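# Summary of structural features
Each chain, written out:
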Amino acid sequence: MDLLPNDEQTAIVDAVKEFLVGEAPVDRLRAHGEVGNPDAALWPRLGELGFLGLGIAEAQGGAGLSSAEEVLAFREYGRHLISPAILALTLAARVASAAGLLAAPELLAGTMRAGLANQRGPADLRAGTGVFHLIEAKGAELIVAWDEDGAALFRRDDFTIEPVRSTDALVSLERGTLSGAQPLAYLSAADDAIHDRARLLIAALAAGTAEGARDMAVDYAKVREQFGKPIGSFQAVKHRCAEMAIRTEAAWSLTAFASLAFALGREDSAFMATSAKIVATDAALKNGASNIQVHGAIGFTSEADAHHYLKRAHLLDQLGGDLRRQRERLLDMPSAL
Amino acid sequence: MDLDFTAEDRQFREDARAWLMANVTREPRPHEGRELREYDLAWQRKQYEGGWAGVSWPVEYGGLGLSLTRQLIWFEEYARAEAPDNHLCFVGLNHAGPTLIAKGSEEQKAYHLPRLLKGETVWCQGFSEPNAGSDLGSLRTKAEIDGDHLVVNGSKIWTSHGHLADFQELLVRTDPDAPKHKGISWVICDMTTPGMDLRPINIMTAPHHQHFVQVFYDDVRIPLSNVVGDLNDGWKVAMSTLGFERGTAQIKDQIRYAVLVERMIEEARARFGGNSPLSKDEIGSRLAQLRADMAAARAMTYMVVSRAQAGIQGSEASLMRAMVGEVQQRARRLALDIIGPDALENPEDDDRVFYYLRSYSITIAAGTAEVQRNIIGERVLGLPRG
Ligand SMILES: Cc1cc2nc3c(=O)[nH]c(=O)nc-3n(C[C@H](O)[C@H](O)[C@H](O)COP(=O)(O)OP(=O)(O)OC[C@H]3O[C@@H](n4cnc5c(N)ncnc54)[C@H](O)[C@@H]3O)c2cc1C
């Protein structure tokens with residue numbers, strides 16, 4: 001038993017970190033302007049480095065590693081507020097590889113774009129019907145959707161699309177309706193627990209987002225002075241930062257634990273993945289809010305990055321069902337003791 | 001990262017489970033008094049005789065000399081088997097014992113450690129004073145050297161189970177002129193030494209529930225050979241003790257509470273079942289959140305053990321402690337909300353109200369929630385001191 005990364009995993013984390021620090025510092029989002037993000041340019045490079053198929057079998061063109069390595073990378077993506085298209089690519093590559101689609105190698109290489117379809121009303125993926133939010137789907141050829149029964153790949157053209165303004169202005173958001181489209185590929189949950197894998201990856205993004213918000217608040221509390229002292233020396237601020245640290249410790253410890261339970265196929269893996277999504281998105285939401293408060297007025301502006309963490313947390317919460325839905329699901333599961 | 005246990009670890013778990021299944025005492029645990037002492041010591045003795053005491057303690061003092069992982073497994077199985085809390089042995093097994101292992105002399109270790117494991121002695125902790133709580137370093141109970149003895153005068157308070165204990169880990173000021181943290185010594189105090197006066201203190205769970213005592217010391221003579229570590233180095237010795245509180249023994253609590261939440265879910269279903277599904281109810285939503293939080297508490301404890309195994313010594317364990325205290329209080333409160341108006345009754349044979357009221361101590365004892373947050377802010381996050 002060991003929740004810390006081993007040498008090989010540390011090497012992976014270091015490589016992702018190095019890449020993101022150089023290519024995707026959080027202030028890229030400010031430089032980019034008000035809407036959208038420049039992250040699509042990262043996919044071919046991440047693909048080249050082999051990060052887009054971390055959890056996919058070698059025989060299918062992936063790196064043949066487990067959900068543990070995937071969550072380690074996704075935690076870093078979360079910290080850097082990387083576009084959620086990274087989740088779309090990872091899940092789409094999984095469905096495409098399992099189905100042997102021609103698109104699979106391109107998705108793994110990051111040369112084909114994929115977006116997410118997140119349910120906003122009733123849907124039937126096999127029948128290709130339902131109402132969705134399309135996230136980061138502008139310019140994407142493929143769109144991946146999942147529910148408790150399985151995951152499906154559609155073409156962008158399969159949807160009737162209506163543009164809307166996104167709360168998280170860093171991502172493109174549209175409404176999409178499917179009315180009887182045949183999925184390009186369908187992966188049943190009986191063959192691959194892709195819904196729990198998605199929960200884990202979202203939990204890891206959320207844990208990283210919560211950590212990013214914590215770090216931003218703590219850094220500011222060390223340098224911003226009022227009453228002749230750094231504000232971090234006031235307990236009201238210090239304790240708020242401590243709360244942020246407690247939440248990130250809970251979020252990451254549980255996400256790491258859950259990813260290992262999942263990799264081992266343990267009986268409690270669905271329970272743990274759902275718990276991880278709850279604890280991590282809750283941490284991201286609360287840390288997002290605390291970070292704004294610690295910054296004072298500047299935290300309320302769009303000139304500082306604080307609001308991005310909060311808005312991203314809301315997006316992650318909604319992906320695959322929000323806290324309320326996850327709690328309902330968790331309560332109906334058998335005990336994991 | 002790895003959640004897999006080795007084949008030997010798994011065998012150890014199975015053996016532990018089988019032994020616990022066959023041997024856990026099912027008699028209800030008395031809430032206080034000599035009966036409580038006898039009960040806890042008997043159960044400790046049984047564990048020793050079964051070959052399960054001191055899993056990670058050195059073999060030469062009666063322990064099993066096994067890894068922290070095995071210690072963790074033992075505590076997990078212990079809690080799953082719903083073995084009794086054994087709280088009277090807590091200070092001995094989780095503070096005094098580990099401190100002696102780390103800092104004690106050969107004589108001290110040879111005398112005390114086997115007795116602790118065998119369930120022969122109860123220890124209590126004499127750290128807090130009426131004017132030294134969170135600011136423990138300001139303690140004033142003084143000890144002057146007289147020949148080969150220390151002569152102690154002053155008072156300690158909140159000494160849990162002091163009236164039932166044989167020995168006390170006692171912090172005294174041996175150099176009044178040294179800076180606050182430099183003049184303190186850690187001594188073993190025999191509770192039968194003349195000059196000690198114990199005043200019982202009742203706690204808020206019910207009238208006459210006695211949990212701790214105030215101790216008055218009037219020229220209490222303690223042999224100098226009872227000093228653990230060096231004279232005036234007691235602060236460092238004590239800090240090494242407090243660290244043990246945050247280690248593997250925590251997993252027992254985590255699982256105990258997770259079991260409690262499962263019971264609460266069953267009870268809530270039984271009470272509210274029929275009308276609408278529990279998952280749509282506010283109580284259901286809070287129960288689900290607790291389930292997730294209990295899973296997180298367990299994972300955080302694994303993280304603490306992982307760091308300890310890797311030799312990473314930091315203050316990160318306070319993250320787990322701070323989280324767990326708040327979640328445990330929330331669980332006890334929810335248990336009351338499930339029973340509704342019945343929470344106004346506090347019967348002897350149902351401990352829901354007892355434990356709800358008890359839970360208020362979780363964020364005070366062993367470092368308050370606020371002090372934990374100071375430690376996290378300053379030592380984990382590097383924020384400036386106030
Ligand atoms: C059930 C129980 C069992 C105990 N058992 C033992 C035992 O066996 N042996 C023993 O030695 N002690 C024991 N204690 C004592 C315990 O360690 C102290 O109660 C604790 O350290 C707090 O000290 P205090 O009660 O004097 O509160 P105080 O230190 O007076 O604190 C009062 C309030 O002020 C806050 N506060 C104080 N300083 C700060 C600060 N710097 N920043 C922010 N807030 C602050 C506290 O958080 C608290 O809310 C026990 C306590 C309880 C409740």
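All values derive from a computational prediction rather than experimental measurement.

## Considerations on the overall build of chain A
When its secondary structure is counted, chain A shows eleven helices and nine strands. The C-alpha atoms of chain A give 19 Å as radius of gyration, which agrees with the globular expectation for 337 residues (20 Å, within 12%). Overall, chain A is about 65 × 45 × 40 Å in size when its C-alpha atoms are taken along their principal axes. Per-residue burial over chain A gives 61% buried out of 337 residues. Long-range pairs, those at least 24 residues apart, make up 72% of the contacts in chain A between residues at least 6 apart in sequence. Carbon and sulfur atoms form 50% of the exposed surface of chain A, whose accessible area is close to 12,800 Å².

## Overview of the overall build of chain B
Looking only at helices and strands, one finds eleven helices and eight strands in chain B. Here the C-alpha radius of gyration of chain B, 22 Å, is about what a compact globule of 386 residues would show, namely 21 Å. Per-residue burial over chain B gives 53% buried out of 386 residues. Counting contacts in chain B only where the partners sit at least 6 residues apart, residues at least 24 apart contribute 71% of the total.

## Considerations on the site of the ligand
Neighbouring residues of the ligand: 18 residues in total, closest Gln235(A), Ser134(B), Trp158(B), Thr368(B) and Glu370(B). In the model, an oxygen atom of the ligand is placed 2.6 Å from a nitrogen or oxygen of the Ser134(B) side chain. Contacts to the ligand include Trp158(B), whose backbone N or O atom sits 3.0 Å from a nitrogen atom. Out of a free accessible area of 980 Å², the ligand has 66% covered by protein chains. Taken together, the elements giving at least two residues each to the shell around the ligand come down to strand 3 (149-160), strand 7 (210-223) and helix 11 (369-380) of chain B. Broken down by element, the residue count for the shell around the ligand peaks at three residues, all from strand 3 of chain B. Here the shell around the ligand is composed, by residue class, of six nonpolar, eleven polar and one charged.

## Examining the side chain of Thr193(B)
Residues and elements named next belong to chain B. Tracing the backbone shows threonine 193 in the loop between strand 5 (184-190) and strand 6 (196-202). One polar contact links the side chain of threonine 193 to the main-chain carbonyl oxygen of aspartate 190, over a distance of 2.4 Å. Those residues in contact with threonine 193 that lie beyond four places of it in its chain are Val220 and Arg221.

## Considering empty space enclosed by the protein
Enumeration according to the criterion identifies three cavities of 30 Å³ or more in this entry. In this structure, the largest cavity is lined by Phe271(A), Met272(A), Ser335(A), Ala336(A), Leu337(A), Ala258(B), Glu262(B), Arg291(B), Met294(B), Ala295(B) and Arg298(B). Elements with a contribution of two residues or more to the lining of the largest cavity: helix 9 (269-295) of chain A together with helix 7 (250-272) and helix 8 (282-309) of chain B. A per-element tally of the lining of the largest cavity places helix 8 of chain B first, with four residues. Residues belonging to the lining of the largest cavity are distributed by class as follows: seven nonpolar, one polar and three charged. Put simply, the second largest cavity is a space of about 50 Å³. Forming the walls of the second largest cavity are Phe51(A), Leu52(A), Gly53(A), Leu54(A), Gly55(A), Glu70(A), Ala73(A), Phe74(A), Tyr77(A), Ile86(A) and Thr90(A). For the lining of the second largest cavity, the secondary structure elements donating two or more residues are helix 4 (67-79) and helix 5 (85-99) of chain A. If one sorts the elements of the lining of the second largest cavity by residue count, helix 4 of chain A sits on top with four residues. Partitioned by chemical class, the residues of the lining of the second largest cavity number seven nonpolar, three polar and one charged.

## Topic: the interface of chain B and chain A
Listed as interface residues are 53 residues of chain B and, on the opposing side, 53 residues of chain A. Taking both sides of the interface into account, the surface hidden between chain B and chain A amounts to around 4,500 Å²; carbon and sulfur atoms contribute 67%. Considering only the side of chain B, the residues that lose the most area to chain A are Met1(B), Leu3(B) and Arg291(B), jointly responsible for 20% of the buried surface there. Scanning the region where chain B abuts chain A turns up four salt bridges. The shortest N-O distance in the salt bridge between Glu328(A) and Lys280(B) comes to 3.1 Å. Where chain B touches chain A, the interface holds 19 residue pairs in polar contact (both at pLDDT 80 or more).

## Brief notes about the sheet that holds strand 2 (residues 129-135) of chain A
Residue and element names in this part refer to chain A. Spatial ordering of the open sheet is given by 5-6-2-1-3-4-7, a layout of seven strands whose pairing is mixed. Here the strands that pair on one side only, and so sit at the sheet edges, are strand 5 (160-163) and strand 7 (185-188). Averaged over neighbouring strand pairs, the angle between their axes works out to 25° when direction is ignored. Helix-sheet contacts for helix 7 (residues 194-223) involve strand 3 (142-147), strand 4 (150-155) and strand 7, and the interaxial angle to strand 3 is about 105°.

## A few points about the pattern of salt bridges
Residues and elements named next belong to chain B. As enumerated under the stated definition, the model contains 50 salt bridges over all chains in all. Between glutamate 106 and lysine 109 there is a salt bridge, with its nearest N and O atoms 3.7 Å apart. Linking glutamate 106 with lysine 109, this pair stays in helix 5 (residues 106-117), spanning three residues, or about one helical turn.

## Re helix 9 (residues 317-339) of chain B
For helix 9 of chain B, with 23 residues, the first-to-last C-alpha span of 34 Å sits near the 33 Å given by 1.5 Å per residue. Taken from the residues just after helix 9 of chain B, Gly340(B) is the one with a positive phi, measuring 60°.

## Observations concerning the nonpolar core
Judged by nonpolar contacts, the single largest core of 171 residues is most densely connected at Leu46(A), Tyr77(A), Leu87(A), Leu107(A), Trp74(B), Leu287(B) and Tyr302(B). A per-element tally of this core places helix 7 of chain A first, with 17 residues. Setting aside chain neighbours within four positions, we find Tyr302(B) in contact with Met1(A), Leu3(A), Phe257(A), Leu3(B), Phe5(B), Leu72(B), Glu76(B) and Ile251(B). By size, the runner-up hydrophobic cluster in this structure holds 47 residues, among which are Tyr61(B), Leu117(B), Leu171(B) and Val228(B).

## What about the packing of helix 7 of chain B against helix 8 of chain B?
Residue and element names in this part refer to chain B. At a minimum axis distance of 9 Å, the contact between helix 7 and helix 8 shows a crossing angle of 165°. The orientation of helix 7 with respect to helix 8, classified from their angle, is roughly antiparallel. Here the hand of the crossing between helix 7 and helix 8 comes out left-handed. Counting all contacts with helix 7, which are made through Gln250, Ile251, Gln254, Ile255, Tyr257, Ala258, Val261, Glu262, Met264, Ile265, Ala268 and Phe272, the residues of helix 8 involved are Ile283, Leu287, Leu290, Arg291, Met294, Ala297, Arg298, Thr301 and Tyr302. Across the contact of helix 7 with helix 8, the residue classes break down as 15 nonpolar, three polar and three charged.

## With respect to helix 10 (residues 306-318) of chain A
An α-helix turns once every 3.6 residues. As a result, residues three or four positions apart point the same way. All names here are of chain A. Along helix 10, the residues that are buried comprise Ala306, His307, His308, Tyr309, Arg312, Ala313, Leu315, Leu316 and Asp317. Along its buried surface, helix 10 packs onto helix 2 (28-32), helix 4, strand 2, helix 7, helix 9 and helix 11 (323-331). Where helix 10 ends, the next residue or the one after it, glycine 320, has phi of about 70°, a positive value.

## As for the packing of aromatic side chains
Enumeration over the complete set of coordinates arrives at 16 aromatic pairs over all chains. With centroids separated by 5.9 Å and ring planes inclined at 80°, the aromatic side chains of Phe154(A) and Phe159(A) adopt a geometry described as edge-to-face. Given the relative accessible area of 0%, Phe154(A) is considered buried. Relative to Tyr302(B), the ring of Phe257(A) lies with its centre 5.2 Å away and its plane at 65°, an arrangement referred to as edge-to-face. With Phe257(A) in helix 8 (residues 235-263) and Tyr302(B) in helix 8, this pair bridges two chains. A relative accessible area of 1% means that Phe257(A) is categorised as buried. Through successive ring pairs, a cluster of aromatic residues spans Phe12(B), Trp19(B), Trp43(B), Trp52(B), Trp74(B) and Tyr78(B). A cation sits over an aromatic face here: Arg75(A) above Trp252(A), 4.1 Å from the ring centre. Over the ring of Tyr78(B) we find Lys252(B), and its NZ or CZ is 4.7 Å from the ring centre.

Rules and cut-offs
- Residues numbered from 1 in each chain as written.
- Chains lettered and ligands numbered in written order.
- Predicted model: local features only at pLDDT ≥ 70, side-chain atom pairs only at ≥ 80, totals over all residues.
- Heavy atoms only, no water.
- Helix = DSSP H or I, 4+ residues; strand = E, 2+ residues; numbered from the N terminus.
- Rg over C-alpha atoms; globule rule 2.2 N^0.38 Å.
- Buried < 20%, exposed > 50% of the residue type's maximum accessible area, 1.4 Å probe, protein only.
- Contact = heavy atoms within 4.5 Å.
- Areas by Shrake-Rupley, 256 points an atom, 1.4 Å probe, with all protein chains shown as cover.
- Near = heavy atom within 4 Å.
- Polar contact = N/O pair within 3.5 Å; in protein donor to acceptor, adjacent residues only side chain to side chain.
- Nonpolar A, V, L, I, M, F, W, Y, C, P; charged D, E, K, R; others polar.
- 1 Å grid on protein atoms, 1.4 Å probe; cavity = no way out; pocket = protein on both sides within 12 Å on 5 of 7 lines; lining within 4 Å.
- Points joined across faces, edges and corners; volume = space filled by probe spheres on them.
- Buried area = accessible area lost by both parts, 1.4 Å probe.
- Salt bridge = Lys/Arg side-chain N within 4 Å of Asp/Glu carboxyl O.
- Pairing = 2+ DSSP bridges.
- Axes fitted to C-alpha atoms, helices over the stretch in contact; angles between N-to-C directions.
- Expected span 1.5 Å × (residues − 1).
- Core = buried A, V, L, I, M, F, W, Y, C linked by side-chain atoms within 4.5 Å.
- Parallel < 35°, antiparallel > 145°, perpendicular 65-115°, else oblique.
- Left-handed = near helix turned anticlockwise from the far one by under 90°.
- Phe/Tyr/Trp six-rings, centres within 6.5 Å; stacked < 30°, edge-to-face > 60°.
- Lys NZ or Arg CZ within 6 Å of the ring centre and 35° of its normal.

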